[in-house]
Amino acid sequence: MKDPKPSLLPLFPAAGAAATVTTAATVTSSSVPQWLCNPSFTGDLSLINDAVSSLPHSLNVVEVDENEEEEKEAKQQEKNHHSYELLEEEEEEQEENFDGEKYDERKKNKKKSDRKNKKRKISKEIGDSKTKSIHAKDYYFDSHPDPDNLAYGSLYRMDVPRYKLYNPEKLSGFIYQGLYHWTQRVSTFDKDADIDALDAKLKSAGRYWSPNNAALEHHNNIKRFRRFAPKSYLHFVPADFIPLSDIPSSAQLGDESSISNNSVIEESWEDEVLRKTREFNKLTREHPHDEKAWLAFAEFQDKVASMQRQKGVRLQTLEKKISILEKATELNPDNEQLLLCLMKAYQKRDNTDVLIGRWENVLLQHSGSYMLWREFLQVVQGEFSRFKVSDMRKIYAHAIQALSATYRKQFRQIHQTSKPADSAMVYLELGLVEIFLSLCRFEWQTGHQELATALFQAEIEFSLFFPSLLLNEHSKQRLFKHFWDSDGARVGEEGALGWCMWLEKEEENRQRAMKEESLDKNDEGGWTGWSEPLSKCKETSTNLENVSHNDVTDEEFNAEIENENIEREDDTKALLKQLGIDVDAGTSGEVKDTLTWARWSEEESSRDSDQWMPVRAKSGAVTSIHGTTNEEVDEQFMREIVYEDVCEYLFSLSSAEARLSLVSQFIDFYGGKISSWVCTNSSSWTEKILSLEGLPDCIWQNMRRLHDDFIKSQSKPGEFSLEFLLDSARGIPQRTEMMKFIRNAALLCLTAFPRNRILEEAALLAEELFVTKMNSSSCSGAPCQALAKRLLKCDRQDLLLCGIYARREAVYGNMDHARRVFDMALLSLAGLPLDLQSNSPLLYLWYVEAELGNNHGCNLDSSSRAMHILSCLGSGVTYSPFKCYPSSLQLLRARQGFKEKINTLRSKWMRGFVDDQSVALVCSAALFEELAGGWAAGIEIIHHVFTMVLPERRSQNHHLEYLFNYYIKMLQRHHEQFTLSKAWESVTHGLQIYPSSSELFNALVEISCLYTTPNKLRWMFDDYCHKKPSVIVWLFALLFEMSRSGSLHRIHGLFERALANDKLHNSVLLWRLYVAYEINIVRNPSAARRIFFRAIHACPW
């Protein structure tokens, strides 16, 4: 008996000769090498061989061909062929000299007979295997090598190995069948020709993957077989060997899924669909009012549809999803989330007209839902075929009026029952503010900037400065019309007093005029008889004369209008000719001079920068500004905003949260710097980011800092520049006037919100920008010094204003003056009321941050001052100016005092009452521990505080988000003293809570550039873009690739993936960045033109 043929895959003993295979040698080795410790190599396979040998002859024996001589020649060639030469990936043609035509014909006949014999043998074997079981697709271990692997030194680049699928019902235990591949007996160089000769049925049974194999792999009924090492062999495994994991069989699949103790069969996709459908049906029947169950059931239908290739099947799945949601909304008619999900499903199926009709029916039944109105506005605004500015204004008016009516109804009900206002009413008012902000952004982006400014002015006057009179809504609007049509200054203008104060002034002037008139009448004496005034008689006679000449006057007036129109057309033609545009050329004419378009663009940009304030009708100075022409006067009158333009969008606000939100977003809208007042997970932040045209300062500064770091780290700087990310429409003249406008508005709003640190800081920062732009010369103090001193004279007990002013002085390097202001404020704490003393933690923290910010290098004086300030806060002693470093006893008292104060916060934070003062106290305690005991002690303080708050409350509180950002900055300061995992876990955990935080993404990029590879950061960005997409994620991903001069294909892919997302498809900022990237970086104007037209279709406004 001959020795068995050796095998390249030592999973099983190699088979014998190819002619007859009846038995196989058993692997018995007394001394097993260390690298052969896998049970697959050392196991006793005699049972497998016995089982294989007991099978019918048709399964293990391959029939012998009738042509025995050819087979002997093949065997002899195989024996002699012991070495292979490595070939290139592409086979080279072998040039051989053949003598005569007879040899060619004999070779062709031989190939044909070989193909027929091989087809017959393979089809016979496949037919026999089909008779053994109903299932035709089995899983085989192929123990025979492929000669191509030796010929090429590796797998051929066009060949991907494949294996037969395992069938658990056909085989039991570890019974496997070896399949002899037909390519073993075929020359390597004739492989492609032989494959082409086979039919489609036999191609699918080949060694390598084909389109049929790929389709079979995605079949829904496939069950995957998983092998793992049994527990009994674990004690034989050496320490340097990593075995396969011991995975128990799933409890859901039952006993049928387990083949043996070390194998499991996973359920197929069809089985999973049936199982989950049964589970969802049972869950929705038992809990019909469970919103999450219905939403999960509908989301599962999306997963099912994604696995379908046929469009008809996907539409059927969509219909099933719609029917599920319709049933859910029928059982839960007031659930907004279910209604939103249903309308989004309708949007995928119905056309625009049908969808708008469905939305109108839903909004008639739920007119007081802010979420539904917001979604409806986004749908209509993004519909290119139906978009009209006038229609959008009507829809916005309907939304505001409906929400306002719902709020007034609820307010009357609460007022009659004498119940306190609940959070639902505050939420409704905040929703009203969001809808109004969306309207103002819409008007601004469509070019109606004067109307947007007038809307802000009217709403702030109407909501914050209304007179204290018991008026209904209609009477209130009639009174406001009188104020709007008057010459009184409005919010943001010089000399503005507010509607209430203006009304009081008007009443005083009216009373004074009545008194003067009564005094004049008393001086006239007695009655002199009835008589008409002379002016009245003249006016009457003049009117009688005008009546007789009405016809002549109308004709002359019409003629004058026609002449003015003709002159205006001539002036327009002359102006266009000056620009280089020939009007007489018609539509066929094309302006080829690029300077013409450049001048036109500059002119339009300057007009946008200047014309953002509405023109007052009764100012009298409009017609005489710099000797303007009649056309300019007419244009200025077109910019006039009358009461009828704003009256439909006015509504009243009663809660302080909604009023402060309106003012804060107004300041932020016009580019003012303002402290964070809202969490990045809130809807207002999301709406703001989605509707941005340019980057706000808070995000742009982080991106600028990252970009500068990338440039410094690169030996060869790239061509990318962040300048095109700025909003080019806001030049220096526009920002200068806007800062003045914001300063005036913030100072006026301080009368409605006294001692509000957010508005005070916004006013001082706007004053700085305004003074800096107007006067570029350097000054000794902060630019806002005069305004701060004027405000402090009006209210000397405003400690937070003192702290804000001192911080601004420290920023400009005037540390001595800042210390005097801080010391003065802290020394006056003892004589102030308790409600003002509660602001002391903020003042102490600002003082410490100013000292540490002044700590350049190893300045021990600033650190000592900081420890002294924190010791006074922690111990609770009266503040005294710095003299020396605190003693050990003072430090011990301060540490104990901080612990006690933090423990008192536990009850408040557990109930959700988190404010600025408590967060400042925690930051001060962490900073004290960082300076006294090291960074680990400071971080431990913040960790302990986070345990006081429920996880779901952390995601919606902007105070806690500020605290987490403070914690990340502390980690970044000491990144050299701990491992990567500490910082990485902290940042990634924060991004799970705040996925739209620009601060956390900035920290992620900085830490990744220090410790990890670029590919890992790309993987992180791809993961967040897929799971929690937002504009912030894509911006930082694009910044990372552009700053590192990444692949153009990846940058294009990032843009396309971002804009393909349903939530981000209408982002104006992303479209503008894409166009600017093509123009400035790629320098491909044709691509930029195509993207521009796509952007117009996605954002028609």
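Refer to the preceding data block for the structure.
What counts and what doesn't
Residues numbered from 1 in each chain as written. Predicted model: local features only at pLDDT ≥ 70, side-chain atom pairs only at ≥ 80, totals over all residues. Heavy atoms only, no water. Salt bridge = Lys/Arg side-chain N within 4 Å of Asp/Glu carboxyl O. Helix = DSSP H or I, 4+ residues; strand = E, 2+ residues; numbered from the N terminus. Buried < 20%, exposed > 50% of the residue type's maximum accessible area, 1.4 Å probe, protein only. Expected span 1.5 Å × (residues − 1). Arc of directions from axis to C-beta. Contact = heavy atoms within 4.5 Å. Core = buried A, V, L, I, M, F, W, Y, C linked by side-chain atoms within 4.5 Å. Phe/Tyr/Trp six-rings, centres within 6.5 Å; stacked < 30°, edge-to-face > 60°. Axes fitted to C-alpha atoms, helices over the stretch in contact; angles between N-to-C directions. Parallel < 35°, antiparallel > 145°, perpendicular 65-115°, else oblique. Left-handed = near helix turned anticlockwise from the far one by under 90°. Nonpolar A, V, L, I, M, F, W, Y, C, P; charged D, E, K, R; others polar.

Peer 1: Can you walk me through the pattern of salt bridges in this structure?
Peer 2: Two side chains bearing opposite charge may form a pair once their charged atoms approach each other closely. Scanning the entire structure with this criterion turns up 32 salt bridges. One salt bridge in this structure joins aspartate 816 and arginine 819, with 3.6 Å as the shortest N-O distance. Linking aspartate 816 with arginine 819, this pair stays in helix α32 (residues 815–827), spanning three residues, or about one helical turn. Of the charged contacts, one joins glutamate 930 and arginine 973 as a salt bridge, the two residues approaching to 2.9 Å between their closest N and O atoms. On the criterion of sequence distance, the pair formed by glutamate 930 in helix α37 (residues 916–933) and arginine 973 in helix α40 (residues 958–973) is long-range, its members being 43 residues apart. When its relative accessible area of 45% is taken as the criterion, arginine 973 is described as partly exposed. Residues joined in a network through salt bridges with shared partners are Arg1018, Asp1022, Glu1041, Arg1050 and Arg1057.

Peer 1: Just to check I follow, could you spell out helix α43 (residues 1014–1027) for this structure?
Peer 2: Note: α-helices contain 3.6 residues per turn, so residues at a spacing of three or four share the same orientation. Compared with an ideal rise of 1.5 Å per residue, which puts 14 residues at 20 Å, α43 spans 20 Å between its outermost C-alpha atoms and is within 8% of the ideal. Those residues of α43 that sit buried are Leu1017, Arg1018, Met1020, Phe1021, Tyr1024 and Cys1025. Projection of α43 onto a plane perpendicular to its axis shows the buried side chains occupying an angular sector of 160°, all on one side. Turned more than 90 degrees from where α43 packs its buried face, Asn1015, Trp1019, His1026 and Lys1027 sit exposed. Those residues of α43 hidden inside the fold are in contact with α41 (980–993), α42 (998–1011), α44 (1031–1043) and α45 (1048–1060).

Peer 1: Looking at this structure, I do not really get the nonpolar core. What am I missing?
Peer 2: Where a protein is soluble and globular, its nonpolar side chains tend to be buried together. Counting residues in each nonpolar core, the largest one holds 228 residues, and the members touching the most others are Tyr670 and Trp909. When sequence neighbours within four positions are dropped, the list of residues in contact with tryptophan 909 reads Val914, Ser918, Val919, Val922, Val945, Met948, Val949, Arg953, Leu960 and Leu963. Among the nonpolar cores identified, the runner-up in size contains 10 residues, and Trp269, Val273, Phe280 and Ala328 belong to it.

Peer 1: Even after reading the chapter, I still don't get the packing of aromatic side chains, so can you show me in this structure?
Peer 2: Geometry of an aromatic ring pair is reported as the spacing of the ring centres plus the angle between the planes. Within the structure shown, the criterion is met by 43 aromatic pairs. Between the aromatic rings of tryptophan 444 and tyrosine 670, the centroid separation amounts to 5.7 Å while the plane-to-plane angle is 85°, which identifies the pairing as edge-to-face. Taken together, the positions of tryptophan 444 in helix α17 (residues 423–445) and tyrosine 670 in the loop between α25 (656–669) and α26 (683–690) put the pair 226 residues apart, joining distant regions of the chain. By relative accessible area, which is 8% here, tryptophan 444 ends up buried. Aromatic pair phenylalanine 480 and tryptophan 499: ring centres 5.1 Å apart, planes at 80°, arrangement edge-to-face. Highlighted residues: phenylalanine 480 in helix α19 (residues 473–484) and tryptophan 499 in helix α20 (residues 499–524), separated in sequence by 19 residues. In this structure phenylalanine 480 comes out as buried when scored by relative accessible area, which is 0%.

Peer 1: Could you clarify how one ought to interpret the packing of α17 against α25 in this entry?
Peer 2: Pairs of packed helices are described in terms of their axes, by the angle between the two and the distance that separates them. Between α17 and α25, whose axes approach to 9 Å, the crossing angle comes to 20°. It follows from the interaxial angle that α17 and α25 lie roughly parallel. The hand of the α17/α25 crossing is right-handed. Residues Val426, Glu429, Leu430, Val433, Glu434, Phe436, Leu437, Cys440, Arg441 and Trp444 of α17 pack against Glu657, Ala658, Ser661, Leu662, Gln665 and Phe669 of α25. Here the contact of α17 with α25 is composed, by residue class, of 10 nonpolar, two polar and four charged.

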